[in-house]
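Residue-level listing of the chains:
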Amino acid sequence: MDPADFYTGIVAELYGPLKSFSQDPGPYAAFVRRAGMPALELGCGDGDPLLELRRRGLEVDGVDSSADMLDRLRRRADEEGIRATVFHQRMEALRLPRRYRAIFLAGPTFTLLPDDDVALAALRGIRAHLAEGGTVLVPLFTPAPTPPEQIGRVRTAAAPDGAELRVSVVAEQRDEAARTQTTLLRYERHHRSDSSVVERPWILHWYTRDGFEKLATTAGLTVTAVTDPDGKPAPAGDAGLLHFRLQAA
Ligand SMILES: C[S@@+](CC[C@H](N)C(=O)[O-])C[C@H]1O[C@@H](n2cnc3c(N)ncnc32)[C@H](O)[C@@H]1O
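Predicted, not measured: the structure shown is a model, and the values here were computed from it. (Residues numbered from 1 in each chain as written. Predicted model: local features only at pLDDT ≥ 70, side-chain atom pairs only at ≥ 80, totals over all residues.)

(A) Quick look at helix α4 (residues 67-80). Helix length check: α4, at 14 residues, gives a terminal C-alpha distance of 20 Å against a target of 20 Å (1.5 Å per residue), a fit within 8%. Considered for burial, the residues of α4 that qualify are Met69, Leu70 and Leu73. Down the axis of α4, the sector holding all buried residues measures 95°, keeping them to one side. Exposed residues lying more than 90 degrees from the buried face of α4 are Ala67, Arg75, Asp78 and Glu79. For α4, the elements touching its buried residues are α1 (10-18), β2 (60-64) and β3 (86-88). Directly beyond the C-terminal end of α4, a positive phi value near 65° is found at Gly81. (Helix = DSSP H or I, 4+ residues; strand = E, 2+ residues; numbered from the N terminus. Expected span 1.5 Å × (residues − 1). Buried ≥ 20, exposed ≤ 12 C-beta atoms within 10 Å, placed from the backbone. Arc of directions from axis to C-beta. Contact = placed C-beta atoms within 7 Å.)

Here it is in structure tokens:
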């Protein structure tokens, strides 16, 4: 399966109910207000934080490679009376009708791009869609390996129709040289006599700070700041979530 299609089918259906953590919209709202509008969220999924930013009156479009996730976003937008323009595209093959003052990903979604070549194509597309004076925000982290005792442990949630939803890690491979971790996840949905079970590889690909800066330079961008999510400068070697800000070189 192509990594850009991971969040489709049962995975998209289970994403909302099994979600354990939502990105705080605050830093993204602040970023859009400072960088200017229109803004674009890449990998907007089922609408967090895009819908909250729209609710706050910010002009933000979205892009996602999963039609199923975008369907869920549109349904939530309709239910809440929010208008949102979203595009079904891959961020490594962006072709949008306008340019943006602010382009961002919420949380470390950029690490879903499976290798440096795909990441470079995404950065080139971002550069091509950046308006004059525009700013890019890319959050990045180095994922930790899943602790051995958590392999096989099942997380459950209830679906709106009463089905039992389950997700667990089946196995994991980590390649430090390629900066890639592949986690085999099992998604299950059980409802009365109906059961569906799907296993999918979830790939995360990470960067050294220098390596990401070089890729950005190759794409015609310059890293102007590296901070923690609250905007405080991140010291070299910081292993947490880092916010990279970029502008046209
Ligand atoms: C972890 S979800 C985050 C969604 C949402 N921003 C949130 O925080 O709930 C990552 C999203 O990125 C999308 N995605 C993954 N690879 C992509 C790609 N190559 N191009 C565009 N979107 C992609 C997935 O379809 C998924 O909806």
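Let us keep going from here.
(B) Up close: the pairing of strand β1 (residues 39-42). Here β1 shows two buried faces, one formed by Ala39 and Glu41 and the other by Leu40 and Leu42. Alignment of β1 against β2, held across 4 bridges, turns out to be parallel. For Leu40, the partnering residue across the bridge sits in β2 and is Asp61. This β-α-β element, β1 to helix α3 (residues 50-55) to β2, shows right-handed connectivity. In terms of strand pairing, β1 meets strand β4 (residues 100-104) through 3 bridges, oriented parallel. Counted as the bridge partner of Ala39 is Ala102 from β4. (Pairing = 2+ DSSP bridges. Right-handed = clockwise from strand over helix to strand, strands pointing away.)

(C) Inspection of the domain arrangement of the protein chain at higher detail. For the protein chain, the domain assignment lists domain 1 (3-142 + 207-248) and domain 2 (148-204). In this complex, domain 1 contributes 11 residues to the contact, which on the side of domain 2 involves 15 residues. Tallied by class, residues from the side of domain 1 that touches domain 2 come to 10 nonpolar, 1 polar and no charged. (Domains from an automatic or database assignment. Nonpolar A, V, L, I, M, F, W, Y, C, P; charged D, E, K, R; others polar.)

(D) Just the packing of α1 against α4, in detail. At a minimum axis separation of 8 Å, α1 and α4 run at an interaxial angle of 45°. With respect to each other, α1 and α4 are oriented oblique. Every pair of crossing elements has a handedness; the one defined by α1 and α4 is right-handed. Along its contact with α1, which presents Ala12, Tyr15 and Gly16, the element α4 presents Asp68, Met69 and Arg72. Along the lines of polarity and charge, the residues of the contact of α1 with α4 split into 3 nonpolar, 1 polar and 2 charged. (Axes fitted to C-alpha atoms, helices over the stretch in contact; angles between N-to-C directions. Parallel < 35°, antiparallel > 145°, perpendicular 65-115°, else oblique. Left-handed = near helix turned anticlockwise from the far one by under 90°.)

(E) Structural detail: the environment of Val169. When you line up the elements, Val169 lands in strand β7 (residues 164-175). Expressed as a C-alpha distance, the spacing of Val169 and Arg153, which sit 16 residues apart in the sequence, is 7.0 Å. Setting aside residues no more than four positions away along its own chain, Val169 makes contact with Thr146, Gln150, Ile151, Thr183 and Leu185.

(F) Representation of the site of the ligand. With respect to spatial proximity, 20 residues lie near the ligand, and among them Tyr7, Gly43, Gly45, Ser65 and Ser66 are the closest. Among the residues forming the shell around the ligand, the class breakdown is 9 nonpolar, 7 polar and 4 charged. (Near = placed C-beta within 6 Å.)

(G) A look at the packing of helix α5 (residues 116-128) against helix α6 (residues 209-218). The N-to-C vectors of α5 and α6 enclose an angle of 50°; their axes lie 9 Å apart at closest approach. Taken together, α5 and α6 sit at an angle that is classed as oblique. Considering how the two elements wind past one another, α5 and α6 form a crossing that is right-handed. Residues Asp116, Ala119, Leu120 and Leu123 of α5 form the contact with α6, whose own contacting residues are Leu215, Ala216 and Thr218. When grouped by side-chain class, the residues that make up the contact of α5 with α6 number 5 nonpolar, 1 polar and 1 charged.

(H) The arrangement of the sheet that holds strand β5 (residues 130-140) in detail. One open sheet accounts for 7 strands, arranged β3-β2-β1-β4-β5-β11-β10; its pairing is mixed. Lying at the two open borders of the sheet, with one neighbouring strand each, are β3 and β10 (221-227). Averaged over all neighbouring strand pairs, the angle between strand axes comes to 20°, with direction disregarded. Packing against the sheet, helix α2 (residues 26-35) makes contact with β1, β2, β4 and β5, and its axis sits at approximately 155° to β4.

(I) Quick peek at the sheet that holds strand β9 (residues 194-205). Strand order in the open sheet made by the 4 strands is β6-β7-β8-β9, with antiparallel pairing throughout. In this open sheet, the two edge strands, each paired with only one partner strand, are β6 (154-158) and β9. The average undirected angle you get between the axes of adjacent strands in this sheet is 20°. Relative to β7, β6 is paired through 5 bridges, and the arrangement is antiparallel. Looking across to β7, one finds that Thr156 is bridged to Arg166.

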